[in-house]
There are 2 protein chains.
Amino acid sequence: MNLRDLKYVVAVADSSHFGHAAERCYVSQPTLSGQIKKLEDELGITLFERTKRSVAITPVGETIVAHAREILEQAETIRQLAQSHQDPLVGPLRIGAIMTLSPYLMPLILKPLRERLPQMRLVISEEMTETLLERLRKHEIDAALIATPVDTSEFATIPLFDEPFWLAHPRNHPFQEKKAITQKDLDNTELLLLSEGHCLADQAMEVCHMKARAEQGDMADLHAASLETLLQLVGVGFGCTLVPDLAVRGIRMNDKDIVTRRLQQKDAFRRVYPAFRRSFPRRQALDAFIEVLLDNLPDTVFRLS
Amino acid sequence: MNLRDLKYVVAVADSSHFGHAAERCYVSQPTLSGQIKKLEDELGITLFERTKRSVAITPVGETIVAHAREILEQAETIRQLAQSHQDPLVGPLRIGAIMTLSPYLMPLILKPLRERLPQMRLVISEEMTETLLERLRKHEIDAALIATPVDTSEFATIPLFDEPFWLAHPRNHPFQEKKAITQKDLDNTELLLLSEGHCLADQAMEVCHMKARAEQGDMADLHAASLETLLQLVGVGFGCTLVPDLAVRGIRMNDKDIVTRRLQQKDAFRRVYPAFRRSFPRRQALDAFIEVLLDNLPDTVFRLS
DNA sequence: TAGAATTATCGGTTTTCCCTATATCGGACC
DNA sequence: GGTCCGATATAGGGAAAACCGATAATTCTA
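Residues numbered from 1 in each chain as written. Chains lettered and ligands numbered in written order. Predicted model: local features only at pLDDT ≥ 70, side-chain atom pairs only at ≥ 80, totals over all residues. Heavy atoms only, no water.

1. Some points on the overall build of chain A
Right, so step 1: The helix and strand tally for chain A stands at eleven helices and eleven strands.
Right, so step 2: The globule rule puts the C-alpha radius of gyration for 305 residues at 19 Å, and the 32 Å found for chain A is more than 25% above it.
Right, so step 3: Its C-alpha atoms put chain A at 105 × 40 × 35 Å along the principal axes.
Right, so step 4: The proportion of buried residues among the 305 residues of chain A is 50%.
Right, so step 5: The long-range share in chain A, meaning contacts at least 24 apart out of those at least 6 apart in sequence, stands at 72%.
Right, so step 6: Here chain A has roughly 14900 Å² of accessible surface; of this, 50% comes from carbon and sulfur atoms.
Right, so step 7: Each charge class in chain A was averaged separately, 37 positive and 42 negative side chains, and the resulting centres sit 5 Å apart. (Helix = DSSP H or I, 4+ residues; strand = E, 2+ residues; numbered from the N terminus. Rg over C-alpha atoms; globule rule 2.2 N^0.38 Å. Buried < 20%, exposed > 50% of the residue type's maximum accessible area, 1.4 Å probe, protein only. Contact = heavy atoms within 4.5 Å. Areas by Shrake-Rupley, 256 points an atom, 1.4 Å probe, with all protein chains shown as cover. Lys, Arg positive; Asp, Glu negative; His and termini not counted. Charge placed at Lys NZ, Arg CZ, Asp CG, Glu CD.)

This is how it looks when you write it as structure tokens:
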């Protein structure tokens, strides 16, 4: 059996005429006759009762043609599905981003994306780096926007931009008096940090030359679950923290209890990039997404391409 | 696209392994790889994201595989349908019979049929000869049990049996006195007849050497629509009529007002046979039906084979 | 670094499919 | 009754496809 055979059968059933059916299928009449006969032999039944003068479908043939029609319809559906997905930009692009980036980056690019790539559907998820990479491995997402170096033998990466860290401290904090925040000020300063697994915590510790988390112990219960929570703590004078650039923009405008300050250090930034499977078949979609992203970054971050 | 291709795709989707999928499809791995690739090219999309180490299905692939599964299931249904109809005895045999035969013949053979050919489903209809032949032409029935010669260039026929006519007259009719009913008695006797189109009417007239119907005129309103009605008329003394043998059996037992008499004439019978399309593909089913029919006829009719 | 596992590629063979030409059959027309 | 027309079936040859075995290429494992 064969999709082509079924098409022939349906054509004959529709026209009750081998010649016309053959014409409709763009083959010669002997070819169509032969294929129908072949199928009848294969199935062991007679589909059409034919005389030299007329063609009539048998009762079994009738039911079989009904199924054949459904099959051909399904096949057409498959072709249509494929057709509409042929443009690699069409169809959902599943992007995961770390939680300290996503809420501040996505608002910047979603509207431009809809304008520039209206046919692209974006599915966004927020997870911690490790979870993102795991989902990437399981093909649950197509790219992970992260800020931690990954094993490039497993995933491909494209550096997008360097995002500076800002210091956020309460209005009445000792730092308030200082004109500029130097590396020395930060060294071993106790910072409020996100909970385990968030790369921002590791990055902040690195910037401040803090000891590894495991040795701290006593501060464990101050690790917050989100940047928003962290900023709430800063706002009520609990301490200070580092905030990535894109997240700062909202704070400065809305929160009078929090002061955000540029850092003097040159290495106080994190590098943001997408990680994706090398075998990911829709690079074009990803590239288009990245282009729109880069075009809509504020000047406070440093584009790398 | 191709049923085979879809089978390959589903196999790969199931096993996530080209080699195993190939094994399951009884082809070599290169063949399967090649066909999958061909299909992907044809559809213009990537169905599977493969590395040297793993195979994962793409989102589009997932939906397409779902449709492919349905298609393969339908195809399997077609094969099963064909399988179960492969035995030509299986499946409905649509028999039409004239109304003066069907009610008296069918009760004789239905039970034996169910015993001998339990898998055969019989669909019976009762019509006048012309209507039966028309339905035969339209493939609405597979055989017509009739008693009028037909153009054997159009349909094939098989003589089954000769069915004698009996005379039915009221108990107090002049015929009552006669020892035997001769051809002379019948000649130009006015008989109660069935309405236009029933072959029994024509046959009765022939037996009695009656004038053609068109010239009678005054008797038109005595033409009844069924043999049962006719016998009711005989029962209340309205006249006499000819009754085919198989129909007589019920009368003799049940009706005390009607006398049934054998006729002396040798030609007072009708020949019963099935007519069927020469191209009818299930001769075996028809032959089997005929065999059971012949085996269960009473000795009062004369089997012809 | 060798070996095992897995998919892709290549060359040659077999099978299937298709076309043209022709046979065959039934009906229509003269 | 003979001839033509319309329809399906059959035959032969050529083109396309599908298939296989061998092998390359790549990646993970030991």
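2. Quick notes on the interface of chain A and chain B
Right, so step 1: Counting residues at the interface gives 36 residues for chain A and 36 residues for chain B.
Right, so step 2: Where chain A abuts chain B, roughly 3300 Å² becomes buried across the two surfaces, and 68% of that area is made up of carbon and sulfur atoms.
Right, so step 3: Taken together, the connections running from chain A to chain B amount to two salt bridges.
Right, so step 4: Between Arg277 of chain A and Glu49 of chain B there is a salt bridge whose closest N-O contact spans 2.6 Å.
Right, so step 5: In this assembly, chain A and chain B are joined by eleven residue pairs in polar contact (both at pLDDT 80 or more).
Right, so step 6: Breaking the side of chain A that touches chain B down by element, the ones donating at least two residues are α1 (3-15), β1 (48-50) and α4 (59-86) of chain A.
Right, so step 7: Here the side of chain A that touches chain B gets 17 residues from one element, more than from any other, and that element is α4 of chain A.
Right, so step 8: The residue inventory of the side of chain A that touches chain B, partitioned by class, reads 17 nonpolar, 13 polar and six charged. (Buried area = accessible area lost by both parts, 1.4 Å probe. Salt bridge = Lys/Arg side-chain N within 4 Å of Asp/Glu carboxyl O. Polar contact = N/O pair within 3.5 Å; in protein donor to acceptor, adjacent residues only side chain to side chain. Nonpolar A, V, L, I, M, F, W, Y, C, P; charged D, E, K, R; others polar.)

3. Considering the nonpolar core
Right, so step 1: Core analysis: the biggest nonpolar cluster contains 75 residues, and Leu145, Ile146, Phe161, Leu167, Leu242, Phe289 and Leu293 of chain B have the highest contact counts within it.
Right, so step 2: A total of eight residues in this core trace back to one element, the largest contributor, which is helix α11 (residues 283-295) of chain B.
Right, so step 3: Contacts of Phe161 of chain B, omitting those with residues within four sequence positions, involve Leu101, Leu246, Arg270, Arg271, Val272, Leu293, Leu297, Val301, Phe302, Arg303 and Leu304 of chain B.
Right, so step 4: Core analysis: the second largest hydrophobic core is formed by 74 residues, Val234, Leu246, Val248 and Phe289 of chain A among them. (Core = buried A, V, L, I, M, F, W, Y, C linked by side-chain atoms within 4.5 Å.)

4. Considering the pattern of salt bridges
All names here are of chain B.
Right, so step 1: This model, assessed by the stated rule, comprises 38 salt bridges over all chains.
Right, so step 2: A salt bridge links Arg135 to Glu140; its shortest N-O distance comes to 3.0 Å.
Right, so step 3: Note on Glu140: relative accessible area 32%, which makes it partly exposed.

5. Observations regarding the environment of Lys266 of chain A
Right, so step 1: Here Lys266 of chain A shows up in the loop between β9 (258-262) and β10 (269-277).
Right, so step 2: Measuring from C-alpha to C-alpha, the distance between Lys266 of chain A and Pro112 of chain A comes to 31 Å, with 154 residues separating the pair along the chain.

6. Focus: the protein's contact with DNA strand C
Right, so step 1: Contacts to DNA strand C come from 24 residues, most closely from Ser28 and Thr31 of chain A together with Gln29, Pro30 and Arg50 of chain B.
Right, so step 2: For DNA strand C, the fraction of protein-proximal atoms (within 4 Å) that sit in sugar or phosphate groups is 69%.
Right, so step 3: The contact in question runs from a phosphate oxygen of DNA strand C to an N or O atom on the side chain of Thr31 of chain A, over 2.9 Å.
Right, so step 4: At 3.3 Å, a side-chain N or O of Ser33 of chain B approaches a phosphate oxygen of DNA strand C.
Right, so step 5: Broken down by secondary-structure element, the contributors of at least two residues to the surface near DNA strand C are α1 and α3 (29-43) of chain A together with α2 (18-24) and α3 (29-43) of chain B.
Right, so step 6: Its residues assigned to classes, the surface near DNA strand C shows seven nonpolar, nine polar and eight charged. (Near = heavy atom within 4 Å.)

7. Points about the protein's contact with DNA strand D
Right, so step 1: Near DNA strand D lie 22 residues; those nearest to it are Pro30 and Arg50 of chain A together with Tyr8, Ser28 and Lys38 of chain B.
Right, so step 2: The sugar-phosphate backbone supplies 74% of the atoms of DNA strand D found within 4 Å of the protein.
Right, so step 3: Side-chain polar atom of Ser33 of chain A to a phosphate oxygen of DNA strand D: 3.2 Å apart, as the coordinates give it.
Right, so step 4: Thr31 of chain B is positioned with one of its side-chain polar atoms (N or O) 3.0 Å from a phosphate oxygen of DNA strand D.
Right, so step 5: Broken down by secondary-structure element, the contributors of at least two residues to the surface near DNA strand D are α2 (18-24) and α3 of chain A together with α1 (3-15) and α3 of chain B.

8. With respect to the side chain of Glu40 of chain A
Residue and element names in this part refer to chain A.
Right, so step 1: Mapped onto the secondary structure, Glu40 falls in helix α3.
Right, so step 2: Residue classification places Glu40 among the buried residues on the basis of a relative accessible area of 8%.
Right, so step 3: Discounting chain neighbours no more than four positions away, the residues touching Glu40 are Ile45, Thr46, Leu47, Phe48 and Arg50.

9. Describing the pairing of strand β10 (residues 269-277) of chain B
Residues and elements named next belong to chain B.
Right, so step 1: Within β10, seven of the nine residues are buried, which leaves it mostly tucked inside the rest of the structure.
Right, so step 2: Alignment of strand β5 (residues 143-146) against β10, held across three bridges, turns out to be antiparallel. The partner of Ile146 across the bridge, within β10, is Tyr273.
Right, so step 3: The sheet contact formed by strand β6 (residues 155-157) and β10 spans three bridges and is antiparallel. (Pairing = 2+ DSSP bridges.)

10. Describing the packing of aromatic side chains
All names here are of chain A.
Right, so step 1: All chains considered together, the criterion is met by two aromatic pairs over all chains.
Right, so step 2: Each ring, one from Phe18 and one from Phe48, has its centre 6.3 Å from the other, and the planes form 75°; the classification is edge-to-face. Pair noted here: Phe18 is in helix α2 and Phe48 is in strand β1, with a separation of 30 residues, a long-range link. Phe48 matches Phe18 in its accessibility class, with the two residues each being buried. (Phe/Tyr/Trp six-rings, centres within 6.5 Å; stacked < 30°, edge-to-face > 60°.)

11. What to know about unusual backbone geometry
All names here are of chain A.
Right, so step 1: Non-glycine residue Tyr26 carries a positive phi angle of around 60°.
Right, so step 2: Position of Tyr26 relative to the elements: it lies in the loop between α2 and α3.
Right, so step 3: A relative accessible area of 78% places Tyr26 in the exposed class.

12. What to know about the relation of the copies chain A and chain B
Right, so step 1: Mapping chain A onto chain B calls for a rotation angle of 180° and an axial translation of 0.0 Å; the resulting RMSD is 0.1 Å. The transformation relating the two chain copies, once decomposed into turn and shift, fits a two-fold axis. Closest approach to the rotation axis among the C-alpha atoms of chain A is made by Ile71 of chain A, whose C-alpha sits 2.6 Å away.
Right, so step 2: Looking at chain A, 100% of its interface residues are interface residues in chain B too, so the copies touch through the same face. (Least-squares fit on C-alpha atoms with pLDDT ≥ 70 in both.)

13. Thoughts on helix α6 (residues 129-137) of chain A
All names here are of chain A.
Right, so step 1: Listed as buried for α6 are Thr129, Leu132, Leu133 and Leu136. Projected down its long axis, α6 shows its buried positions confined to an angular sector of 95°, all on one face.
Right, so step 2: Tucked into the core, α6 has its buried residues touching β3 (91-98), β4 (120-127), β5 (143-146), β6 (155-157), α8 (199-207) and β10.
Right, so step 3: His139, located one to two residues past α6, shows a positive phi value of around 60°. (Arc of directions from axis to C-beta.)

14. Some points on α4 of chain A
Within an α-helix, residues lying three or four positions from one another point in the same direction, as the helix has 3.6 residues per turn.
Right, so step 1: Between its first and last C-alpha atoms α4 of chain A spans 41 Å; for 28 residues at 1.5 Å apiece the expected length is 40 Å, and the two agree.
Right, so step 2: Listed as buried for α4 of chain A are Val60, Gly61, Ile64, Val65, Ala68, Ile71, Gln74, Ala75, Ile78, Leu81 and Ala82 of chain A.
Right, so step 3: On its buried face, α4 of chain A is in contact with α1, α3 and β2 (55-57) of chain A together with α1, α3 and α4 (59-86) of chain B. (Expected span 1.5 Å × (residues − 1).)

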